[in-house]
Each structure stands twice: as structure tokens, then as C-alpha cells.
Amino acid sequence: QQILSVYSGEKMTKQLIFCVESDSRAKTDWIYISATIRTFFDFGNETKLTPIYLSGKMNYCKQNTVNKIKEKENRFNGESTVILSVDTDSIETDSQKKKEFETISNYCRANNYELIWFHRDIEDVYLGEQITNSSKRDRATHFARSNGISKVDRGRLNEKRDTAAHSSNILSVLEKHLKMK
């Protein structure tokens, strides 16, 4: 499911570009993020939400991704904010994953991007468990259809520590750009 901005005569003045790890076929990460936006934020026609599917976390800085971001910014007549959404994986125990996450964080700071993280991964935050790749699409679809967001502890979505179990900073990042309900 996607949140679509419906033109109602009101001019869209802000665009939030979400770079998400999932691919454009599965769109699983966007399902969870859009459910969060619909549930916790007043969303009006003045804001356009634009997902870019990375097909893997480490594609965030590839030239193809940079080109897609520039294209979306150039096509929009207004302010654009880029939000990179990534899983932290096991940064508390795996030094390579920790280094990757630090590199991504530094990249976001250097490019004035926002960073939303999910520890250990987006499914762990929203479903409370890690899911095999083969079942991610089915579980995300079920989450959307069953209003799974209503079962998620709001506190888990507003965490400051990137190593806290089953947690994310998504609400604190989004409230900088959208009005909380």
C-alpha cells in the first residue's frame, strides 16, 4: 500500500523522499512506513511522499540512487527532504555492521539527509521478530490488511538508542516534517 497525495487544489509545498532497503517489487519497507505515517501523523495534500526502493541497504550511495533522488527533487516544485531508512542489523555484536551503520550515518549528515533506523530490522520492530526473506512480503501484506500497526507499542517507534531491541527512531524523525495526531 502507498500513501498517495490527491490533488485537491491545494499546492504541494513539501516532498519527503524515502529511500528504503526493499525492492520495488516487494515494497515491504514502505508498507510499514506508510502505516506509521497514516496512524501517527496528520497527513495533508501539501506533502508528497515519494519512496525510492534501494534493493539493498548498501545501495544508498550508488550513482543510480543519487540520480533517482536528484530526479525526484528536480521534478518537484517545492522543498524536498531525503530520508534514508535502514536496518541496523546486529551493530551491538558485529563490528562490520557497526562500521557500515556509522558510514551510513556520516553519509546522511554530510548530505543533510534524515536517517531512520530499525533495530535489528524493520520486521523486528513492527512484528517483534525477524522474518525469513521468503516470507517478508506475505507478512507485510498481512500487517497492512490486519491493521497490525495498532498492535505496535508506540514507545518502540520513538527510541533514541540505536541498539535498543525491537526499536526505531521513526517517530522522532518524522515529527520534524509532519504534524503528529
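The rules behind the values
Residues numbered from 1 in each chain as written. Predicted model: local features only at pLDDT ≥ 70, side-chain atom pairs only at ≥ 80, totals over all residues. Heavy atoms only, no water. Axes fitted to C-alpha atoms, helices over the stretch in contact; angles between N-to-C directions. Helix = DSSP H or I, 4+ residues; strand = E, 2+ residues; numbered from the N terminus. Parallel < 35°, antiparallel > 145°, perpendicular 65-115°, else oblique. Left-handed = near helix turned anticlockwise from the far one by under 90°. Contact = heavy atoms within 4.5 Å. Buried < 20%, exposed > 50% of the residue type's maximum accessible area, 1.4 Å probe, protein only. Phe/Tyr/Trp six-rings, centres within 6.5 Å; stacked < 30°, edge-to-face > 60°. Pairing = 2+ DSSP bridges. Expected span 1.5 Å × (residues − 1). Arc of directions from axis to C-beta. Polar contact = N/O pair within 3.5 Å; in protein donor to acceptor, adjacent residues only side chain to side chain.

### Describing the packing of helix H1 (residues 28–40) against helix H5 (residues 136–145)
The relative placement of two packed helices is expressed as an angle between their axes plus a distance between the axes.
Moving on, step 1. For the pair H1 and H5, interaxial distance at closest approach is 9 Å and the crossing angle is 20°. Judged by the inter-axis angle, H1 sits roughly parallel to H5. Crossing handedness for the pair H1 and H5: left-handed. Listed contacts from H5 to Thr28, Ile31, Tyr32 and Ala35 of H1 are Lys136, Arg137, Arg139, Ala140, Thr141, Phe143 and Ala144.

### Digging into unusual backbone geometry
For residues besides glycine, phi is generally negative; the peptide bonds are generally trans as well.
Moving on, step 1. Cis geometry is found at the peptide bond from His119 to Arg120, where omega equals -10°.
Moving on, step 2. Even without a glycine there, the phi angle at Asp89 is positive, about 60°.
Moving on, step 3. Summarising the element assignment, Asp89 is placed in the loop between strand S4 (79–87) and helix H3 (95–110).
Moving on, step 4. By relative accessible area, which is 23% here, Asp89 ends up partly exposed.
Moving on, step 5. With a phi angle near 60°, Asn112 is a residue other than glycine that sits in the positive phi range.

### Examining the packing of aromatic side chains
Moving on, step 1. In this structure the tally under the stated criterion is seven aromatic pairs.
Moving on, step 2. When the centroid spacing of 5.0 Å and the interplanar angle of 75° are considered together, the rings of Tyr60 and Tyr107 count as edge-to-face. One end of the pair, Tyr60, is in the loop between strand S3 (47–53) and helix H2 (63–75); the other, Tyr107, is in helix H3, and 47 residues separate them in sequence.
Moving on, step 3. One aromatic cluster in this structure is built from Tyr32, Phe118, Tyr126 and Phe143.

### A few points about the sheet that holds S3
Moving on, step 1. The mixed open sheet is built from five strands, whose spatial order is S3-S1-S4-S5-S6. Sheet topology places S3 and strand S6 (167–168) at the edges, where each strand pairs with a single neighbour.
Moving on, step 2. In terms of strand pairing, S4 meets strand S5 (residues 114–119) through five bridges, oriented parallel. For Ile83, the partnering residue across the bridge sits in S5 and is Glu114.
Moving on, step 3. Along the sheet, H2 makes contact with strand S1 (14–20), S3 and S4, crossing S1 at roughly 165°.
Moving on, step 4. Here H3 sits on the sheet and contacts S4 and S5; the angle it forms with S5, its principal contact strand, is near 155°.

### Regarding H3
Moving on, step 1. Between its terminal C-alpha atoms H3 stretches 22 Å, which fits the 22 Å expected from 16 residues at 1.5 Å a residue.
Moving on, step 2. Those residues of H3 that sit buried are Glu100, Phe101, Ile104, Ser105, Tyr107 and Cys108. In a view along the axis of H3, the buried residues occupy a sector of 160°, so they form one face of it. Those residues of H3 that are exposed and aimed more than 90 degrees away from the buried face are Ser95, Lys99, Arg109 and Ala110.
Moving on, step 3. The inward-facing, buried residues of H3 abut H2, S4 and S5.
Moving on, step 4. If you check the start of H3, you find a side-chain oxygen 2.9 Å away from the backbone N of Gln96, and it comes from Asp94.
Moving on, step 5. Asn112 lies just past H3 and shows a positive phi near 60°.

In short, shape yes, function no, at least from these values alone.
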